[in-house]
Amino acid sequence: MTSEFLRKTAVFFVYVAIIGTPLFYFSQGVYPFVLSKSLFFQFAATGVIFFWLALMAVDGRYRPKRTPLSLALLLFFIVLTITAVFGNDTWRSFWSTQERAVGVAALWQLFGFFLAVVALRADLAKENLWYVSIAVASAVSFIAEIQLKVPDLLVSGNTAGRPGATLGNPAFLAGYLLPHIFIIGYFLLEKLRDLRRQRNNLLLIFLAGSLIVQLGALFHSESRGSLIALVAGILALLFMFAVEPPRGFGYLFSRRSFYVIVLVVILAGSFGFWFTRASPLWEGAFGIRRFQELSEDALAPRMAALAASWQGFKEKPILGWGWDNFNIVFNKYYDPNLLKVNYQETRFDKPHNFLAEYAIAGGIPLLAAAIYVFFIFSRQALTLKDPLFGKIAFAAMISYAVHNIFLFETIGALLVWYLVMAKVDGDCIAEEKRAVSRAAKNSKAKTRIYFSLAAGAVAIYFISFLPLVASYRQYQAIDNYLNGRTERAFENFKSAAAGWNPYGWMMKRDYAVAIATAYFKDPEKISDGEARLAVQAMEEVVHEHPYDAQSRAILVNVYNQVSDVDPQYLARAEREAQEALKLSPRRQEIYFYLAKTKTLQRENEEALEILRSAIDLAPEVSQGHFYYGLVAFAGNKPEQGFLEVEKAIALGLNVRDKDELMVAANYYVDNGYASRTVPLYKKMVEIDDSDIEAKLKLGVAYYLSGEFDGARRYILEAGREFDFKDSNLYLPLKPIFQDLGLNL
């Protein structure tokens, strides 16, 4: 096996990573734009790394060089690994979750990819490498533009008119595009400077077109943090040009005063926009409408996450909590007022600030190591022989950092950022002449080659292939479950969770929730043995991840839902709820589950006391009042129940379970409050617009409250999907239909 073959194969995998990672998504897997993309990158990066390692066995000149940047990165990864090992949940630190899929293992692969790209710098066509990456980014941007017209082009369409293309999330798309935009700027300036000596109109058209389409996609993503990051990078570049103008661009562009003026104009325009962003002047403005939505309430979840980060950092400033363990910190310092927004805003697994994430994950050492990497990168970039690229690389770094102050690092953005670092590091190393490729002549070299390639194949199988297959089975399980094919779904869940899989615990959790929910809704369809297996699966999850308050809360709910199988489950639920409260003492959801346990034990008064404690945590949260009202109704206290549910309605009725809303509505009807049920049925229709029963009852509720227009609207909507004349409901409702003038 010649070094030429190994070299070409390693280079091939570099291009596979650059082309495939942004474009690849797996529509038949869970988190199709995140998990599958990360697994694909890990597959390609493993190919690069192990073929490069094999190449080193026969050609020592491909060994990594000790540069300040590579050593700074090595220090960062050593600290990252140590803090992960001593963190609260080492497994989660190394593999992350399906939703994020950037754990310590993936980050080490990024480092290996970086070292390999630097080592292969003479074999990779430098400009072509970037032209390929720019072309891919432009293709992704073009897909984003199509999504504006065809929202369902990909699996999940777009998000509220904001395209994410093959990156899924609009902010992830923006983070991937930002470094490309600055690199395109560099190549454009380079080609314009050389225009008199060498014309290449096609290349200029390609670069200019790429810049336009990528800027368009960036603005259409409407990612506020990314747009701020773009401006920050441009300002940094203009500042450097104002200090030392680029050469070779004519008289005007070589004057410091020109860049000072442009800098002042952009700064003034930025401040002017910021302070007038709420003005009607900016309504419908291209890409910036979301700045008008900024408010204290909109920022509250992010501020709560940062507040929790600070508390967590103060508690563990030395070694931190371990990578990707922010969920533990967030739960411990949870702000109960977040439930006023919605349930989604109570689930933060990232602080949405990369500096806060480093501080939480590894304390002062990891934060210092990360800052040191940026410092060394800046120093190397600004001392390159090509000062134009150095300045633009520094501006790209500023943009990348500012973007991640508002978000977190994702695989697409990380890939491009590590490519930028590899170019800067490679340009700092004196080029060496490569010898003619030769075959490995000794048995030791051959052994190293085959061992490296075998290790790479094993790594790909376990790290990329098996999790992708399990993700497919998990997707099939969810699809079958949602479509009523429960037996097949449960078999899919078991198959997904079987065998080695770094995300098996998440699949077990999904299986347990599906079984318990199905049993609760229809015990006849689920055997007691299957229900016990679900409990066992969820208990295993909690045992494997004991610091995860969310998993413990889910286990409490699972115990409640299948308590008919074994009355001892209620005692276990009570103990588990207490453990969950130790981890997250201010999370109302745990109180709600514990109150449910007490009602199942027929201890309604204790349930009411627990719910009162939940209400006291945040009196303006509607859910506490709603559940208190349900328990009061169940305990033959209709007046108290009515008052509490009415408070919940006044506070926005932020309830997500339509079955619970139906229970409340039935209590209203049974206790003479039928005319006051409109908000309850209306909320049910908001949750599920296809619910014919809810629409019909909403129409009747409107009729009873004297709102005949609303009654006609919803009764007619229900009538379009259901023939009342063939139902036993027709005769009781016929007088109402006649009174409303409806011919049904």
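Within any chain, residue numbers begin from 1 and follow the written order of that chain's sequence. In keeping with the model being predicted, local features are shown solely for residues with a pLDDT of at least 70 and side-chain atom pairs are shown and tallied solely at 80 or more, while totals for entire chains, interfaces and linings include all residues. Hydrogens are left out, water is left out, and the side-chain values use all remaining heavy atoms of the structure.

### Focus: the overall build of the protein
Numbering of helices and strands starts at the N terminus; helices are DSSP runs of H or I of at least 4 residues and strands are runs of E of at least 2. Of regular secondary structure, the protein possesses 31 helices and 0 strands. For a compact globule the rule gives 2.2 Å times the number of residues to the power 0.38, and the radius of gyration it is set against comes from C-alpha atoms. Its C-alpha atoms give the protein a radius of gyration of 30 Å, near enough to 27 Å, the size a compact globule of 744 residues would have. Structurally, the protein occupies a C-alpha span of about 90 × 65 × 50 Å along its principal axes. The contacts in the protein between residues at least 6 apart in sequence include a share of 70% that link residues at least 24 apart. Under this rule, positive means Lys or Arg and negative means Asp or Glu; His and the chain ends count for nothing. Think of each charge as sitting on NZ of Lys, CZ of Arg, CG of Asp or CD of Glu. Side chains of the protein carry 76 positive and 71 negative charges; the gap between the two charge centres is 13 Å. A contact between two residues is defined here by any heavy atoms of the two lying within 4.5 Å.

### Some points on the packing of aromatic side chains
Two rings belonging to Phe, Tyr or Trp (six-membered ring only in the last case) form a pair when the distance between their centres is within 6.5 Å. Interplanar angles under 30 degrees mark stacking, angles over 60 mark edge-to-face geometry, and anything in between is tilted. Summed over the entire model, instances satisfying the criterion amount to 54 aromatic pairs. Ring geometry for Phe626 against Tyr627: centres 5.5 Å apart, planes inclined by 75°, an arrangement best described as edge-to-face. Clustering of aromatic rings is evident, with ring pairs tying together Phe76, Phe77, Trp108, Phe111, Phe114, Trp323, Phe354, Tyr358, Phe374, Phe377, Tyr400 and Trp417. Charges are assigned to positions over rings by a cutoff of 6 Å between ring centre and Lys NZ or Arg CZ, combined with an angular limit of 35 degrees from the ring normal. The positively charged end of Arg277 is found above the aromatic ring belonging to Trp274, 4.1 Å away from the centroid. Over the ring of Trp321 we find Lys316; its NZ or CZ atom is 4.4 Å from the centre of that ring.

### A few points about the packing of helix α29 (residues 692–704) against helix α30 (residues 708–721)
Only the contacting stretch of a helix is used when fitting its axis, a line to C-alpha atoms as for every element, and angles between N-to-C directions run 0 to 180 degrees. Where α29 contacts α30, the axes come no closer than 7 Å and their chain directions differ by 155°. For the element pair α29 / α30, the angle class is roughly antiparallel. Crossing of α29 against α30: the hand is left-handed. On the side of α29, the interface is formed by Ile692, Lys695, Leu696, Leu698, Gly699, Val700, Tyr702 and Tyr703, while α30 contributes Phe708, Gly710, Ala711, Tyr714, Ile715, Glu717, Ala718 and Glu721. Residue polarity is assigned by list, with Asp, Glu, Lys and Arg as charged and Ala, Val, Leu, Ile, Met, Phe, Trp, Tyr, Cys and Pro as nonpolar; anything else, Gly included, falls into the polar class. In terms of residue class, the contact of α29 with α30 is built from 11 nonpolar, 2 polar and 3 charged. Roughly parallel here means an angle under 35 degrees, roughly antiparallel means over 145, roughly perpendicular means 65 to 115, and every remaining angle is called oblique. Note on convention: the crossing is left-handed when the near helix lies turned anticlockwise from the far helix by less than a right angle, right-handed when the turn is clockwise.

### Digging into unusual backbone geometry
Peptide bonds are mostly trans, and most non-glycine residues show a negative phi. Although it is not a glycine, Tyr31 sits at a positive phi angle of roughly 45°. Within the fold, Tyr31 resides in the loop between α1 (3–23) and α2 (35–58). Although it is not a glycine, Glu222 adopts a positive phi angle of roughly 55°. Within the secondary structure layout, Glu222 lies in the loop between α8 (201–221) and α9 (224–243). Think of it in three bands: residues with accessible area under 20% of the maximum for their type are buried, residues over 50% are exposed, and the middle band is partly exposed, with areas taken using a 1.4 Å probe on protein chains only. Under the relative-accessibility criterion, Glu222 is labelled buried at 8%.

### Thoughts on the pattern of salt bridges
One speaks of a salt bridge when a side-chain nitrogen belonging to Lys or Arg is within 4 Å of a carboxyl oxygen belonging to Asp or Glu. For the coordinates displayed, the defined rule picks out 41 salt bridges. Residue Glu4 pairs with Lys8 through a salt bridge whose shortest N-O separation is 3.5 Å. Taken together, the residues Glu4 and Lys8, both in helix α1 and 4 residues apart, mark about one turn of the helix. For Glu4, a relative accessible area of 23% puts it in the partly exposed group. Between Arg289 and Glu222 there is a salt bridge whose closest N-O contact spans 3.0 Å. Highlighted residues: Arg289 in the loop between α11 (256–275) and α12 (296–315) and Glu222 in the loop between α8 and α9, separated in sequence by 67 residues. By relative accessible area, Arg289 is classed as partly exposed at 31%. Each of Asp689, Lys695, Arg713, Glu717 and Glu721 takes part in salt bridges that share partners, so that together they form one network.

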